[in-house]
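The primary structure of each chain is shown beneath.
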Number of protein chains: 2
Amino acid sequence: MKISNIHHIGIAVKDIKKSVERWKKIFDLNDPCFEEISERGVSVAEFEFEEGPSLELISPLGENKSLAGFLEKKGEGIHHFCFEVDDINEVVVSLRKAGAQFVNEKPQKGAGGSLIVFIHPRTVNGVLIELKQKPKE
Amino acid sequence: MKISNIHHIGIAVKDIKKSVERWKKIFDLNDPCFEEISERGVSVAEFEFEEGPSLELISPLGENKSLAGFLEKKGEGIHHFCFEVDDINEVVVSLRKAGAQFVNEKPQKGAGGSLIVFIHPRTVNGVLIELKQKPKE
């Protein structure tokens, strides 16, 4: 098994500041980390927990047609989840051999500067899955 | 913060056996645990990882109108995620005070016999969230 753990769940929201306040109020959460990833046209607020995966609220900046399209078509909600992997390039090769299709041809820079790639939802049950390279220790 | 970790991600699928084979093939996963929860009208296949949350493929048995309706309206895909909590009744009271709405009035029996309850998607950004009572040690 090349997948060892789930890194985060991504939730598509229209108004990131308003949504952050709502999640904080309902679940009594601490402040999230905010990041704007201009290369991917996405604004991210990441809530961390005592253990395990984080929750990312994501909202499109000007250029992210895919996320804006998701919001228009399906509305706000869970958008993707992310598997963390040791060697993203190796995993992409082996998943492709097993029949996976990818949204982008090669891994690109994601939140925190790590390499990420998205598996196309047509691969397994309509689920958009991000792969994220584990930071080197 | 009353929420300490994410317990699983639930993925709605039409054909659970076929879907299990597909996830196993693509991600080189071990066999999942199967469970039929007749009270909730749902068939579950749970994939576990080395650490952190599991992935649950869920498919409606005869009676689950809500899951069948989700599949009909939105198609296969991520259906919900689950927070694990120490005392589900206490958390329900405090979330209700903070403005959360629930799908069912009181916690009921879920996978593995533990108490669960669903927060209504209108509470935060269209997201269906399950709360699950941590097993007593």
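So, here is what we can say about the structure in this document.

About the criteria used
- Residues numbered from 1 in each chain as written.
- Chains lettered and ligands numbered in written order.
- Predicted model: local features only at pLDDT ≥ 70, side-chain atom pairs only at ≥ 80, totals over all residues.
- Heavy atoms only, no water.
- Helix = DSSP H or I, 4+ residues; strand = E, 2+ residues; numbered from the N terminus.
- Rg over C-alpha atoms; globule rule 2.2 N^0.38 Å.
- Areas by Shrake-Rupley, 256 points an atom, 1.4 Å probe, with all protein chains shown as cover.
- Lys, Arg positive; Asp, Glu negative; His and termini not counted.
- Charge placed at Lys NZ, Arg CZ, Asp CG, Glu CD.
- Buried < 20%, exposed > 50% of the residue type's maximum accessible area, 1.4 Å probe, protein only.
- Arc of directions from axis to C-beta.
- Contact = heavy atoms within 4.5 Å.
- Buried area = accessible area lost by both parts, 1.4 Å probe.
- Salt bridge = Lys/Arg side-chain N within 4 Å of Asp/Glu carboxyl O.
- Polar contact = N/O pair within 3.5 Å; in protein donor to acceptor, adjacent residues only side chain to side chain.
- Least-squares fit on C-alpha atoms with pLDDT ≥ 70 in both.
- Expected span 1.5 Å × (residues − 1).
- Pairing = 2+ DSSP bridges.
- Core = buried A, V, L, I, M, F, W, Y, C linked by side-chain atoms within 4.5 Å.

Comments concerning the overall build of chain A
Alright, step 1. Secondary structure summary: chain A contains 3 helices and 8 strands in total.
Alright, step 2. Starting at the N terminus, the α and β elements of chain A follow one another as β-α-β-β-β-α-β-α-β-β-β.
Alright, step 3. Taking 2.2 N^0.38 as the reference for a compact globule, 137 residues should give roughly 14 Å; the C-alpha atoms of chain A span a radius of gyration of 15 Å, in line with that estimate.
Alright, step 4. Projecting the C-alpha coordinates of chain A onto the three principal axes gives extents of approximately 45 × 35 × 25 Å.
Alright, step 5. Carbon together with sulfur atoms contributes 47% to the accessible area of chain A, which is approximately 6800 Å² in total.
Alright, step 6. In chain A, which carries 19 positive and 22 negative side-chain charges, the distance between the mean positions of the two groups comes to 7 Å.

Examining helix α2 (residues 65–74) of chain A
All names here are of chain A.
Alright, step 1. Buried within α2 we find Leu67, Phe70 and Leu71. All buried residues of α2 project into a common sector of 95° when viewed along the axis, lining one side. Turned more than 90 degrees away from the buried face of α2, the exposed residues are Lys65, Ser66, Glu72 and Lys73.
Alright, step 2. Looking at the buried positions of α2, the neighbouring elements they touch are β1 (5–12), β3 (42–47), β4 (54–60) and β5 (77–85).
Alright, step 3. Following α2 by one or two positions, Gly75 has its phi on the positive side, about 85°.

Description of the interface of chain B and chain A
Alright, step 1. Chain B puts 43 residues into the contact, and the matching count from chain A is 43 residues.
Alright, step 2. For the pair chain B and chain A, the two sides together bury roughly 4000 Å², of which 66% comes from carbon and sulfur.
Alright, step 3. The interface formed by chain B and chain A contains 0 salt bridges.
Alright, step 4. Seen at the junction of chain B and chain A, the total is 16 residue pairs in polar contact (both at pLDDT 80 or more).

Examining the relation of the copies chain B and chain A
Alright, step 1. Laying chain B over chain A is done by rotating through 180° and shifting 0.0 Å along the axis; what remains is an RMSD of 0.0 Å. The superposition of one copy onto the other is thereby described by a two-fold rotation axis. Nearest to the rotation axis, the C-alpha of Gly52(B) is located 2.7 Å from it, this being the minimum over chain B.
Alright, step 2. A high fraction, 100%, of the interface residues of chain B reappear at the interface in chain A, so the copies pair face to face through one surface.

A look at helix α1 (residues 16–27) of chain B
Residues and elements named next belong to chain B.
Alright, step 1. Over its 12 residues, α1 runs 16 Å from end to end, which matches the ideal 16 Å to within 8%, given 1.5 Å per residue.
Alright, step 2. Those residues of α1 lying buried are Ile16, Ser19, Val20, Trp23, Ile26 and Phe27. Summarising the axial view, the buried residues of α1 lie within an arc of 140°, below the 170-degree limit, and thus occupy one face. Residues of α1 that are exposed and angled more than 90 degrees away from the buried face: Lys17, Lys18 and Lys25.
Alright, step 3. Of the residues that open α1, the one with a side-chain oxygen 3.3 Å from the backbone nitrogen of Lys17 is Asp15.
Alright, step 4. Asp28, located one to two residues past α1, shows a positive phi value of around 55°.

Remarks on the pattern of salt bridges
Residues and elements named next belong to chain B.
Alright, step 1. If you walk through the whole model with that rule in mind, you get 6 salt bridges over all chains.
Alright, step 2. For Asp31, the salt bridge is made with Lys24, and the minimal N-O distance between the two is 2.5 Å.
Alright, step 3. A relative accessible area of 59% means that Asp31 is categorised as exposed.

Examining the side chain of Asn125(B)
Alright, step 1. By the secondary structure assignment, Asn125(B) is in the loop between β7 (115–119) and β8 (129–133).
Alright, step 2. Ignoring anything within four residues of it in the chain, the contact list for Asn125(B) reads Ile11(A), Val13(A), Ser19(A), Trp23(A), Glu76(A) and Gly77(A).

A short note on the pairing of strand β8 (residues 129–133) of chain A
All names here are of chain A.
Alright, step 1. Burial of β8 is extensive: 5 of the 5 residues sit out of reach of the surface.
Alright, step 2. Side-chain alternation along β8 places Ile129, Leu131 and Gln133 on one buried face and Glu130 and Lys132 on a second face that is also buried.
Alright, step 3. Direction of pairing for strand β7 (residues 115–119) relative to β8: antiparallel, over a ladder of 4 bridges. Across the sheet, residue Ile119 finds its bridge partner in β8, namely Ile129.

Here we look at the nonpolar core
Soluble globular proteins tend to pack their nonpolar side chains together in the buried interior.
Alright, step 1. Of all hydrophobic cores here, the largest spans 64 residues; its most connected members are Trp23(A), Phe81(A), Trp23(B) and Phe81(B).
Alright, step 2. Setting aside residues up to four positions removed in sequence, Trp23(A) forms contacts with Ile11(A), Asp28(A), Leu29(A), Phe47(A), Leu55(A), Leu57(A), Phe81(B), Val124(B), Asn125(B), Val127(B) and Ile129(B).

Some points on unusual backbone geometry
Alright, step 1. The phi torsion at Asp28(A) lies on the positive side, around 55°, for a residue other than glycine.
Alright, step 2. Structurally, the position occupied by Asp28(A) is in the loop between α1 (16–27) and β2 (33–37).

Nothing here speaks to function; it is geometry throughout.
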